[in-house]
Amino acid sequence: MTSNFLLHIFGILPPNNATPFIRFLYKIFQTLIFTLLIFSMLGQLMAVYVNWGDIPLISIIVSHMSGMILASISCAYFLHSKDKFMSLIDLLRTQFVSRMKSKYIELIHTAERQVKGFLILSVIISAECAAIWVAKPIIKIYNYERNNATTEAHDFERFIFVIWAPFEIYDSPQFELIMVSQMFASTFSGLMLFAVDILFLSLMSHAAAQFKVLCAMLNDMHENVSEVELNRTKQMFPLQDIADFNLMNDPVTSADDITCYELGSGNSGSRNSEMAVLENCHVNKDPFQLYLAECIKHHQAIIE
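Residues numbered from 1 in each chain as written. Predicted model: local features only at pLDDT ≥ 70, side-chain atom pairs only at ≥ 80, totals over all residues. Heavy atoms only, no water.

Before going further, it helps to examine the overall build of the protein. Regarding its fold elements, the protein presents nine helices and zero strands. Secondary structure elements of the protein occur, N-terminal to C-terminal, as α-α-α-α-α-α-α-α-α. A burial count over the protein gives 40% of its 304 residues as buried. Taking as baseline every contact in the protein between residues at least 6 positions apart, the subset at least 24 positions apart corresponds to 70%. (Helix = DSSP H or I, 4+ residues; strand = E, 2+ residues; numbered from the N terminus. Buried < 20%, exposed > 50% of the residue type's maximum accessible area, 1.4 Å probe, protein only. Contact = heavy atoms within 4.5 Å.)

Structural data, given as structure tokens:
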């Protein structure tokens, strides 16, 4: 929910139930923002060339330009691979979280609270940065006009970031148009990058929470196996449905066709050894070995 909300509100992805017209507007908005970013980066690149030798000014230009490049590449990469990212989110929600035993769900809630806490802190910092970027040139213009100091040496400080163009950019209406375009480009490039970063953080946080769940299930092996043995009519193991992921060539799906007589052979820390454990399975009803095999499947599913 957190990731989807940010992706929707910052114009990266339309809602799932959006009409074709709304999806068209999202595409128009994305095209506009990327066009502004491209022209802004070209203007900054030309400003570096024109002001070559002025190290302080060049460092300011490059700092803004590198941020825009980072935002553009990250958002373009996400939009190119959005189906894969959304399938990962759907997999976490439908195959992991929704089928998890209630006593482990608090680990997932903790991960979500961590993401929301980082989100709140980041929103405050990002809002302050955006306000400073927009307010700085306005304050500079006011001070220079009041002190009659609007000289060419201070012209570059009249914009949010320094650019060069083959026409007079400090006359009206060019100045106002460039100022508005810079506000949009800097603000939305930061917001879009922020939304994508939160998505990455959310995926990593939830994946880490799944490893914590796996550790807890291994620690609770005797308790969980006892619950299964007391009520055989219920689902045999809490991780049984993860076999449906088809992440292994020979998935384990039944309590009546499994044993691992060479369990633990080889390097237990490698994925190959985990696969070998499941490939050496034969008929047996040992619930503890079956439970361990299911935990190995869960481990493979998290890695995938």
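Okay, back to it.
Here, UniProt's "transmembrane region" (unreviewed entry) annotation points to residues 28-50, 57-79, 117-135 and 183-204. Segment residues 57-79 splits into 100% helix and 0% strand. End C-alpha atoms: 33 Å apart. Annotated as 100% helix and 0% strand, the span residues 183-204 places its first and last C-alpha atoms 32 Å apart. (UniProt positions renumbered as here; feature names shortened; annotations may be inferred.)

Our next topic: the side chain of Q210. Here Q210 shows up in helix α6 (residues 174-219). Q210 sits in the buried class, given a relative accessible area of 1%. Excluding its chain neighbours within four sequence positions, the residues that come into contact with Q210 are F96, V97, M100, I108, H298 and I302.

Before going further, it helps to spend a moment on helix α2 (residues 20-50). The terminal C-alpha atoms of α2, which comprises 31 residues, lie 45 Å apart, in line with the 45 Å expected from a rise of 1.5 Å per residue. For α2, the full list of buried residues reads Y26, Q30, I33, F34, L36, L37, S40, M41, G43, Q44, A47 and V48. (Expected span 1.5 Å × (residues − 1).)

Two numbers describe how α2 lies on helix α3 (residues 55-80): the axes approach to 10 Å, and their chain directions differ by 150°. With respect to α3, the axis of α2 lies roughly antiparallel. Judged by the sense of rotation from one axis to the other, the crossing of α2 with α3 is left-handed. Mapping the contact onto sequence places Q30, F34, L37, S40, M41, Q44, L45, A47 and V48 in α2 and I58, I61, V62, H64, M65, M68, I69, S72, C75, A76 and L79 in α3. (Axes fitted to C-alpha atoms, helices over the stretch in contact; angles between N-to-C directions. Parallel < 35°, antiparallel > 145°, perpendicular 65-115°, else oblique. Left-handed = near helix turned anticlockwise from the far one by under 90°.)

Throughout the structure, instances matching the rule amount to seven aromatic pairs. On the basis of an interplanar angle of 45° and a centroid distance of 5.5 Å, the ring pair of F85 and F200 is categorised as tilted. With a gap of 115 residues between them, F85 in helix α4 (residues 82-97) and F200 in helix α6 connect regions that are remote in the sequence. Ring pairing ties together the aromatic residues Y77, F78, F85 and F200, which thus form one cluster. (Phe/Tyr/Trp six-rings, centres within 6.5 Å; stacked < 30°, edge-to-face > 60°.)

This brings us to a nonpolar patch on the surface. Together, F21, I22, F24, L25 and I28 give the surface a local cluster of nonpolar side chains, amounting to about 470 Å² of exposed area. Locating F24 in the fold gives a position in helix α2. (Patch = residues over 30% accessible without salt bridge, like charges linked within 9 Å, V, L, I, M, F, W, Y side chains within 5 Å. Areas by Shrake-Rupley, 256 points an atom, 1.4 Å probe, with all protein chains shown as cover. Salt bridge = Lys/Arg side-chain N within 4 Å of Asp/Glu carboxyl O.)

What follows concerns the environment of F200. Owing to a relative accessible area of 26%, F200 belongs among the partly exposed residues under this scheme. Counting along the chain gives 115 residues from F200 to F85, while the straight-line C-alpha distance between them is 9.2 Å.

For the rest of this paragraph, the subject is unusual backbone geometry. Backbone torsion omega between S172 and P173 reads 5°, so that peptide bond is classified as cis. With respect to the element layout, P173 can be found in the loop between α5 (105-146) and α6.

Formed by 42 residues in total, the largest nonpolar core has its most connected members in L6, L7, I12, F78 and L199. At the level of elements, α1 (2-9), α2, α3, α4, α5, α6 and α9 (287-303) are the ones that each hand at least two residues to this core. Residue contributions to this core peak at twelve residues, all from α6. Listed in part, the 13 residues of the second largest apolar core include M100, V213, M217 and C295. (Core = buried A, V, L, I, M, F, W, Y, C linked by side-chain atoms within 4.5 Å.)

Quick look at the packing of α4 against α6 now. Two elements in contact, α4 and α6, have axes separated by 11 Å at closest approach and are oriented at 30°. Considering their axes alone, α4 and α6 lie roughly parallel with respect to each other. The interaxial crossing formed by α4 with α6 has left-handed handedness. Note on element contacts: α6 touches α4 through L199, F200, L203, H206 and Q210, opposite F85, L88, I89, L92, F96 and V97. Residues of the contact of α4 with α6, tallied by class, amount to nine nonpolar, two polar and no charged. (Nonpolar A, V, L, I, M, F, W, Y, C, P; charged D, E, K, R; others polar.)

The next subject is α4. With 16 residues, α4 ought to run about 22 Å at 1.5 Å a step, and its terminal C-alpha atoms sit 21 Å apart, in line with that. Maximum bend of α4: about 25°, positioned at L91. Among all positions of α4, only F85, I89, L92, Q95 and F96 are buried. (Bend = angle between axes of the 7 residues up to and from the residue.)

So, about the pattern of salt bridges. On inspection of all chains with the given rule, the structure shows four salt bridges. One salt bridge connects E223 with K103, and the closest N-O pair in it is separated by 3.1 Å. Taken together, the residues E223 in helix α7 (residues 221-230) and K103 in the loop between α4 and α5 connect sequence positions 120 residues apart. The exposure class assigned to K103 is partly exposed, which follows from its relative accessible area of 35%. Its salt-bridge partner being E106, residue R113 comes within 2.6 Å of it at the nearest N-O pair.

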